[in-house]
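# Analysis of the macromolecular model
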Amino acid sequence: MTQDASAVVRRHIVVNAPIEKAFATFTERFGDFKPPEHNLLGAPIAETVFELRVGGHIYDRGVDGSECRWARVLVFEPSQRVVFSWDIDPTWQVGTDPANTSEVEVRFSAESEERTRVELEHRNIDRHGPGWPQLSEGVGSEGGWPLYLDRYAALFDKGD
């Protein structure tokens, strides 16, 4: 079975950082570049947590202590790649059935000692069922993964 090409969103960026720092910044500082307006909680986000292990989660914690677990860490290979589920459905709510989730793979490859190519592939979006084309369009739009990657790259430009 061939996957619909619109069920995959691919983006890449090159950052001015060694591969180890590029990976660590993506995973350990995910909340520093995740747009705060991307919030499924009923309260402002106090922090976004990316648990650095297979079986961990990515979740937002609200200022009121509430939590929204919106991704599961599926692969964690420091400095090389990370894969996590996208458990947000086409209505922008957290889905409860892992069979109806997509995957985001982020690969890191050194272009030089001080530059790293970061390739993001959000795939199997059609698993979300009815409404998946709108979800694909949303994560692929300028307010989706391109915004995340631009804010991520800006962390290095600031010398952080």
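The coordinates are above.
The notes below deal with the structure included here. (Residues numbered from 1 in each chain as written. Predicted model: local features only at pLDDT ≥ 70, side-chain atom pairs only at ≥ 80, totals over all residues. Heavy atoms only, no water.)

The end-to-end C-alpha distance of helix H4 (residues 145–157) is 19 Å, a good match for the 18 Å that 13 residues give at a rise of 1.5 Å each. Looking only at H4, the buried set comprises Trp 145, Pro 146, Leu 147, Tyr 148, Leu 149, Tyr 152, Ala 153, Leu 155 and Phe 156. (Helix = DSSP H or I, 4+ residues; strand = E, 2+ residues; numbered from the N terminus. Expected span 1.5 Å × (residues − 1). Buried < 20%, exposed > 50% of the residue type's maximum accessible area, 1.4 Å probe, protein only.)

Relative to strand E6 (residues 102–112), strand E5 (residues 81–86) runs antiparallel, the two being bridged by six bridges. Paired with Val 83 across the bridge in E6 is Glu 105. By the bridge criterion, nine bridges tie E6 to strand E7 (residues 115–123) in an arrangement that is antiparallel. Its bridge partner being in E7, Glu 103 is matched across the sheet by Arg 123. Two successive antiparallel strands, E6 and E7, enclose a turn made up of two residues. (Pairing = 2+ DSSP bridges.)

Next up on the list: a nonpolar patch on the surface. A contiguous nonpolar surface patch, about 230 Å² in accessible area, is contributed by Leu 40, Trp 92 and Val 94. Within the secondary structure, Val 94 is located in the loop between E5 and E6. With relative accessibility at 33%, the residue Val 94 sits in the partly exposed group. (Patch = residues over 30% accessible without salt bridge, like charges linked within 9 Å, V, L, I, M, F, W, Y side chains within 5 Å. Areas by Shrake-Rupley, 256 points an atom, 1.4 Å probe, with all protein chains shown as cover. Salt bridge = Lys/Arg side-chain N within 4 Å of Asp/Glu carboxyl O.)

Here the focus is the pattern of salt bridges. Evaluation of the coordinates by the stated rule reveals 18 salt bridges. Glu 121 serves as the salt-bridge partner of Arg 10, at 2.9 Å between the closest nitrogen and oxygen. With a gap of 111 residues between them, Arg 10 in strand E1 (residues 9–15) and Glu 121 in strand E7 connect regions that are remote in the sequence. In this structure Glu 121 comes out as buried when scored by relative accessible area, which is 13%. A salt bridge links Glu 51 to Arg 53; its shortest N-O distance comes to 3.7 Å. Of the residues examined, Glu 51 reaches a relative accessible area of 17% and is grouped as buried. On the accessibility criterion, Arg 53 (45% relative accessible area) is partly exposed.

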